Amino acid sequence: MFVSENLDVNEKGNLTINGKDTVALAEKYGTPLYVMDEDMIRTHCRTYIESIKKYYDGQGMACFASKAFSCKEIYRVMQQEGMGIDVVSGGEMYTAYKAGFDMSKAVFHGNNKTEEEINMAADLGVGRIVADNVFELETLDRIAAERNIKFAVLLRIKPGVDAHTHSFISTGQIDSKFGFALETGEALDAVKKVISCKNIDFRGLHCHIGSSILDTQGFEAAAEIMMKFIKQIKDELSFEVSELNLGGGFGIKYVESDDPLPYDEYMNAVAKIVNSFCKENNITRPFILIEPGRSVVGSAGITLYRAGGRKIIPNIRTYISVDGGMCDNPRYILYQSEYDAVVANKASEPKTEKVTIAGKCCETGDMIGENMPLQHCEPGDIIAVCATGAYNYSMSSNYNRLCKPAVVFVNSESDRIVVKRETYDDIIRNDI
Ligand code: LLP
């Protein structure tokens, strides 16, 4: 009935998340409100960690790609669950560090890391850096020399795999700003270069083929290509790569027609490839890292809005406005992403209409979605948009000087604020 299995209806006919009444949550904390199911997030972490144990003898690390959802509390949860993290900026590193995260389990990404960020990574003891380009390799080597340390480095490789996803979020193909291309020889040159860097401990390779991917074929193809490259490096340069990071990108169920695989299927699929390749080619099995972001937090989250006015444009469409929009969920205006929505206080009623849920920003394209099936909705109703746990809060903005919503975590016992709602004073805090 609902896209995420943590959603249900209670005796009042209200939508629940992990058993908590969403209408009551909206009353208690106000709207718009991000609600995240902490238990589900933890379950997903355990699934990934277990899958590495089950299919790869535990010789790997699952790292939460924290660009999907970053705040101090999520890093505490990741720490408790034994996850690593992927960070892409000084801001993410700082947040994780301030939350007490063990930064040796952090992997630092990005196609243009600043010197300040690289120094910060060294100061905080970040465990691995994924280098994106030659300029960055030279910078890393120099900074490491200045500090008399060695950076543990992986190289980001474009494996040339087409991931069948939205072009803005597919990254493994040759025309991408991320990483070194295999087919042009750029990647092999980069490996030669990194081996020659005295202050770099070259660990291995990284690839990430894209995001929102609902099958394993792309991952298998990428694993195969990367293993062949590892063999080439061994054969031609006599260097044994010890780590292989296969990135993230595992898709989730946003709408009824999405059919994601159980998350442990990804490790199952790639481990088969890596295990047999190593056996057949007499290669030492690399330590494997994976970086799921969306699939850890996406289905765990919902956003609650209060409905405002209804606007019926005869023979065209019905708009329902909500008290948030592209500022808290820019994914429709960016990618035309589809979502499922429910009138939370009428969750047991049938969806009798198709509406456009419009945000409150001064922008025509500011919508949560078009043609969305919904229960009959009136001003004051609470609308829940489902599966908004990934890339919603993390990509939110203050456009139109709207305050960012609070984030509430619910678990089987309680609910608590983990990010406070912004105030108007927060909005002007840096204004002179
Ligand atoms: N690792 C690397 C190197 C990445 O670039 C990404 C995502 C991930 C892991 C995590 O991918 P995930 O498991 O979350 O799919 N803003 C877009 C998604 C951008 C993804 C960027 N990189 C969206 O809202 O769909």
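Residues numbered from 1 in each chain as written. Predicted model: local features only at pLDDT ≥ 70, side-chain atom pairs only at ≥ 80, totals over all residues. Heavy atoms only, no water.

Asker: Would you mind going over the pattern of salt bridges with me for this structure?
Answerer: Side chains that differ in charge, positive against negative, can pair when their charged atoms come close. In this structure the tally under the stated criterion is 28 salt bridges. Its salt-bridge partner being Arg128, residue Glu243 comes within 2.7 Å of it at the nearest N-O pair. Of this pair, Glu243 sits in strand E12 (residues 243-245) while Arg128 is found in strand E8 (residues 128-131), placing the two residues 115 residues apart along the sequence. With its nearest N and O atoms 2.9 Å apart, the salt bridge here joins Glu353 to Arg310. (Salt bridge = Lys/Arg side-chain N within 4 Å of Asp/Glu carboxyl O. Helix = DSSP H or I, 4+ residues; strand = E, 2+ residues; numbered from the N terminus.)

Asker: Explanation requested: the sheet that holds strand E3 (residues 20-21) in the structure shown.
Answerer: In sheet architecture, strand pairing relies on hydrogen bonds along the backbone and comes in two forms, parallel and antiparallel. The three strands are arranged E1-E2-E3 in an open sheet whose pairing can be described as antiparallel. Edge positions in the sheet fall to strand E1 (7-9) and E3, since each of these pairs with one other strand and no more. As paired elements, E1 and strand E2 (residues 15-17) share three bridges and run antiparallel to each other. Counted as the bridge partner of Leu7 is Ile17 from E2. (Pairing = 2+ DSSP bridges.)

Asker: Is there a simple way to think about the confidence of the model for the chain in this case?
Answerer: In the predicted model, the chain carries a mean pLDDT of 96, and the fraction of residues at 70 or more is 97%. Between the elements of the chain, mean pLDDT differs from a low of 94, seen in strand E10 (residues 180-181), to a high of 99, seen in strand E4 (residues 33-37). (pLDDT = per-residue confidence, 0-100.)

Asker: Any chance you could explain helix H3 (residues 72-81) here in plain terms?
Answerer: Along an α-helix, a turn takes 3.6 residues, which lines up residues three or four apart on a common side. Of all the positions in H3, only Glu73, Ile74, Tyr75, Val77, Met78 and Glu81 are classed as buried. Within two residues after H3, Gly82 carries a phi angle of roughly 80 degrees, on the positive side. (Buried < 20%, exposed > 50% of the residue type's maximum accessible area, 1.4 Å probe, protein only.)

Asker: Would you mind showing me how to read helix H9 (residues 264-281) here?
Answerer: A rise of 1.5 Å per residue sets the reference length of H9, with its 18 residues, at 26 Å; its end C-alpha atoms lie 26 Å apart and thus fit the reference within 8%. What H9 keeps buried is the set Asp264, Tyr266, Met267, Asn268, Ala269, Val270, Ala271, Ile273, Val274, Phe277 and Cys278. At its buried positions, H9 is contacted by helix H2 (38-56), helix H8 (217-237), E12 and strand E13 (287-290). Where H9 ends, the next residue or the one after it, Asn282, has phi of about 55 degrees, a positive value. (Expected span 1.5 Å × (residues − 1). Contact = heavy atoms within 4.5 Å.)

Asker: What exactly am I supposed to notice about the site of the ligand here?
Answerer: The ligand sits among 20 residues. The nearest are Ser211, Glu291, Arg294, Arg331 and Tyr391. Between the ligand and Gly249, the relevant distance is 2.8 Å, taken from an oxygen atom to a main-chain nitrogen or oxygen of the residue. Note that a nitrogen atom of the ligand is positioned 2.8 Å from one of the side-chain N or O atoms of Tyr335. Computed on the free molecule, the ligand has an accessible area of 590 Å², of which 92% lies beneath the protein chains in the complex. Here the residues of the shell around the ligand are counted per class, giving seven nonpolar, seven polar and six charged. (Near = heavy atom within 4 Å. Polar contact = N/O pair within 3.5 Å; in protein donor to acceptor, adjacent residues only side chain to side chain. Areas by Shrake-Rupley, 256 points an atom, 1.4 Å probe, with all protein chains shown as cover. Nonpolar A, V, L, I, M, F, W, Y, C, P; charged D, E, K, R; others polar.)

Asker: Looking at this structure, how should I read the packing of aromatic side chains?
Answerer: Any pair of aromatic rings gets described here by the distance separating the centres and the angle formed by the planes. Counted according to the given criterion, the structure contains eleven aromatic pairs. Consider the rings of Tyr34 and Tyr393, whose centres lie 5.7 Å apart with planes at 75 degrees: the pair is edge-to-face. Of this pair, Tyr34 sits in strand E4 while Tyr393 is found in the loop between strand E19 (382-386) and strand E20 (406-410), placing the two residues 359 residues apart along the sequence. Take Tyr393: its relative accessible area is 17%, and that puts it in the buried class. Measuring from ring centre to ring centre gives 5.7 Å for Phe69 and Tyr393, while their planes differ by 55 degrees; the resulting arrangement is tilted. You can see Phe69 sitting in the loop between strand E5 (60-65) and H3 and its partner Tyr393 sitting in the loop between E19 and E20, a full 324 residues away along the chain. The structure contains a cluster of three or more aromatic residues connected by ring pairs, namely Tyr48, Phe219, Phe250, Tyr263 and Tyr266. The aromatic ring of Phe108 is capped on one face by Lys113, whose charged end is 5.6 Å from the ring centroid. Positioned above the aromatic ring of Tyr56, the side-chain terminus of Arg285 is 4.4 Å from the ring centre. (Phe/Tyr/Trp six-rings, centres within 6.5 Å; stacked < 30°, edge-to-face > 60°. Lys NZ or Arg CZ within 6 Å of the ring centre and 35° of its normal.)

Asker: Could you clarify how one ought to interpret the packing of helix H6 (residues 134-147) against helix H7 (residues 186-196) in this entry?
Answerer: Pairs of packed helices are described in terms of their axes, by the angle between the two and the distance that separates them. Running from N to C, H6 and H7 point in directions that differ by 5 degrees, and their axes come no closer than 11 Å. Between H6 and H7, the angle is such that the two are roughly parallel. Residue-level contacts link Val134, Leu137 and Glu138 of H6 to Ala190, Lys193 and Val194 of H7. A per-class count over the contact of H6 with H7 returns four nonpolar, no polar and two charged. (Axes fitted to C-alpha atoms, helices over the stretch in contact; angles between N-to-C directions. Parallel < 35°, antiparallel > 145°, perpendicular 65-115°, else oblique.)

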